[in-house]
Amino acid sequence: GVQTCALPISELESLVEGIVRERRERVRRGESPGDDLLATFLSARDEEGSAMDDRQLRDEVMTMVAAGHEIQSHGYSHRPLFSMYPKSAIHLSHL
């Protein structure tokens, strides 16, 4: 079934802030930032060559978390429809 997150937004923000700090520290030590969306955000630069600050990074990650949750919840809401068309559901799961 669909799982929900009962974590308050402030706690989720704190969790993300900690991950951002840890990842930024890894970069400062010369280590790889990883190979994920946060690493992409960490290496992004604006037109003037400036990187995102920690708050911007947190906000971007929070946006992705919210967008992912919305996409996932919409996908689950269509599950009964796809149960009538299993070949379509299999095709869509591979996109």
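Residues numbered from 1 in each chain as written. Predicted model: local features only at pLDDT ≥ 70, side-chain atom pairs only at ≥ 80, totals over all residues. Heavy atoms only, no water.

Enquirer: In this structure, what is going on with the overall build of the protein? I would like to understand it.
Expert: The helix and strand inventory of the protein stands at five helices and zero strands. Evaluated residue by residue, the protein yields a buried proportion of 15% over its 95 residues. Here the protein displays about 7400 Å² of accessible surface, and carbon together with sulfur accounts for 55% of that area. (Helix = DSSP H or I, 4+ residues; strand = E, 2+ residues; numbered from the N terminus. Buried < 20%, exposed > 50% of the residue type's maximum accessible area, 1.4 Å probe, protein only. Areas by Shrake-Rupley, 256 points an atom, 1.4 Å probe, with all protein chains shown as cover.)

Enquirer: Explanation requested: the side chain of Arg-24 in the structure shown.
Expert: Of note, Arg-24 is situated in helix H1 (residues 9-28). Look past the residues within four positions of Arg-24 in its chain and what remains in contact with it is Leu-42, Met-52, Asp-53, Asp-54 and Leu-57. (Contact = heavy atoms within 4.5 Å.)

Enquirer: Is there a simple way to explain the environment of Arg-23 in this structure?
Expert: In this structure, Arg-23 sits in helix H1. Residues Arg-23 and Leu-42, spaced 19 residues apart in sequence, show a C-alpha to C-alpha distance of 8.5 Å. Residue contacts for Arg-23: discarding those within four places in its chain leaves Pro-33, Gly-34, Asp-36, Leu-38, Ala-39 and Leu-42. Within polar-contact distance, the side chain of Arg-23 engages the backbone oxygen of Pro-33 at 2.6 Å. (Polar contact = N/O pair within 3.5 Å; in protein donor to acceptor, adjacent residues only side chain to side chain.)

Enquirer: I would appreciate a short explanation of the nonpolar core in the present structure.
Expert: Here is a general trend for soluble globular proteins: nonpolar side chains tend to be buried in one another's company. With ten residues, the main nonpolar core is built from Leu-12, Val-16, Val-20, Leu-38, Phe-41, Leu-42, Met-52, Leu-57, Val-61 and Met-62. For this core, the elements supplying multiple residues, two or more each, are H1, helix H2 (37-43) and helix H3 (54-77). Apart from residues no more than four positions distant in its own chain, Leu-38 is found in contact with Ile-19, Val-20, Arg-23, Leu-57 and Val-61. (Core = buried A, V, L, I, M, F, W, Y, C linked by side-chain atoms within 4.5 Å.)

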